[in-house]
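Summary of structural features
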Amino acid sequence: MDVITMALAKGRLAEETFSLLEKLGVDCSEPRNPGRQLVLWDRKSSIRFILVKPSDVPVYVDHGVADLGVVGKDTLMESGRPLYEVLDLTFGKCRLCVAGYADRDSIPVTRANFRVATKYPHIARSYYDGKGQTIEIIKLNGSVELGPVIGLSDVILDIVESGSTLKANGLSILEEICDVSARLVVNRVSLKTKRERIQWMIDGLGREVRALP
Ligand code: PRP
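In this report, we go over the structure that sits alongside the text. Please read all numbers here as calculations on a predicted model, not as lab measurements. (Residues numbered from 1 in each chain as written. Predicted model: local features only at pLDDT ≥ 70, side-chain atom pairs only at ≥ 80, totals over all residues. Heavy atoms only, no water.)

Digging into the side chain of Asp67
The residue Asp67 is located in the loop between α3 (57-62) and β4 (68-72) in this model. Overall, Asp67 belongs to the buried group, its relative accessible area being 3%. A distance of 3.0 Å separates a polar atom in the side chain of Asp67 from a polar atom in the side chain of Lys194. In contact with Asp67, other than residues within four places in its own chain, are Val3, Ile4, Thr5, Val61, Val185, Val186, Asn187, Ser190, Lys194 and Ile198. (Helix = DSSP H or I, 4+ residues; strand = E, 2+ residues; numbered from the N terminus. Buried < 20%, exposed > 50% of the residue type's maximum accessible area, 1.4 Å probe, protein only. Polar contact = N/O pair within 3.5 Å; in protein donor to acceptor, adjacent residues only side chain to side chain. Contact = heavy atoms within 4.5 Å.)

Quick look at the structure:
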């Protein structure tokens, strides 16, 4: 039996994925308790899991060292990699938004350039290019909401889940860009060379997702 390798982002997306896979009979006991190990197996099903940072999931799948991956739509869009997105897994739901002070007079600093602080510079570039608006992007790696609060940027482009981080920092959603959820992605070559096993996985996960409450 061909070995299938699946790249998963550590954390909630991986946990949700294990729950679906277990319904298909995959034994996820090893990847659920990985310790410091990064390669985990269900040897009976010949499925190998690698646990990586979210933004690295598309990298492993694009290079073909992972056949499949589960990744947020936001991370997938930012990666710009040409992967087959075969299934919306429906969990990990949030929205990609532009946020800032609803009342522009509260912006502490005014400057010539409109500044956007974000973890998603590629998405920001293409979004504002699409609107024909010139902006300066400030790439941050977390706590992006600080941007407008401390006067580093005019707005942020970020994911909003419950909205509590925005609220706690006095910010509001100004523009909604798109809905985000976890996606199953597949390497283009793997889809041909391991078609039967990968199709089994796509069909099975699709069935289980549709059965979710
Ligand atoms: C994400 C995101 C927002 C927050 C949104 O950050 O960048 O800051 O969650 O969630 P909420 O709408 O439910 O408040 P994350 O928690 O991943 O931490 P980070 O800021 O360090 O990236």
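Once the structure has been displayed, the description carries forward.
Digging into the layout of surface pockets
Put simply, the largest pocket is a space of about 630 Å³. Every residue lining the largest pocket is counted, 25 residues in all, and those nearest its centre are Pro54, Asp74, Thr75, Tyr120 and Ile159. Those elements that provide at least two residues to the lining of the largest pocket are α1 (12-23) and α4 (73-79). The element contributing the most residues to the lining of the largest pocket is α4, with four residues. Its residues placed into classes, the lining of the largest pocket shows eight nonpolar, eight polar and nine charged. (1 Å grid on protein atoms, 1.4 Å probe; cavity = no way out; pocket = protein on both sides within 12 Å on 5 of 7 lines; lining within 4 Å. Points joined across faces, edges and corners; volume = space filled by probe spheres on them. Nonpolar A, V, L, I, M, F, W, Y, C, P; charged D, E, K, R; others polar.)

Topic: the pattern of salt bridges
Scanning all chains against the criterion turns up 12 salt bridges. The partner of Glu176 in a salt bridge is Arg95, and the shortest N-O contact between them spans 2.8 Å. Here Arg95 lies in strand β6 (residues 94-100) and Glu176 lies in strand β10 (residues 172-180), a separation of 81 residues in the sequence. Here Arg95 falls in the partly exposed class, since its relative accessible area comes to 27%. Lys131 serves as the salt-bridge partner of Glu175, at 2.9 Å between the closest nitrogen and oxygen. Of this pair, Glu175 sits in strand β10 while Lys131 sits in helix α5 (residues 121-131), and the two are 44 residues apart along the sequence. (Salt bridge = Lys/Arg side-chain N within 4 Å of Asp/Glu carboxyl O.)

Some words on the state of the cysteines
Considering all chains together, one arrives at zero disulfides under this definition. Free of any disulfide, Cys94 has its nearest neighbouring cysteine sulfur in Cys97, separated by 8.7 Å. Note on Cys94: relative accessible area 13%, which makes it buried. Left without a disulfide partner, Cys178 is nearest to the cysteine sulfur of Cys97, which lies 8.6 Å away. Owing to a relative accessible area of 24%, Cys178 belongs among the partly exposed residues under this scheme. (Disulfide = S-S within 2.5 Å.)

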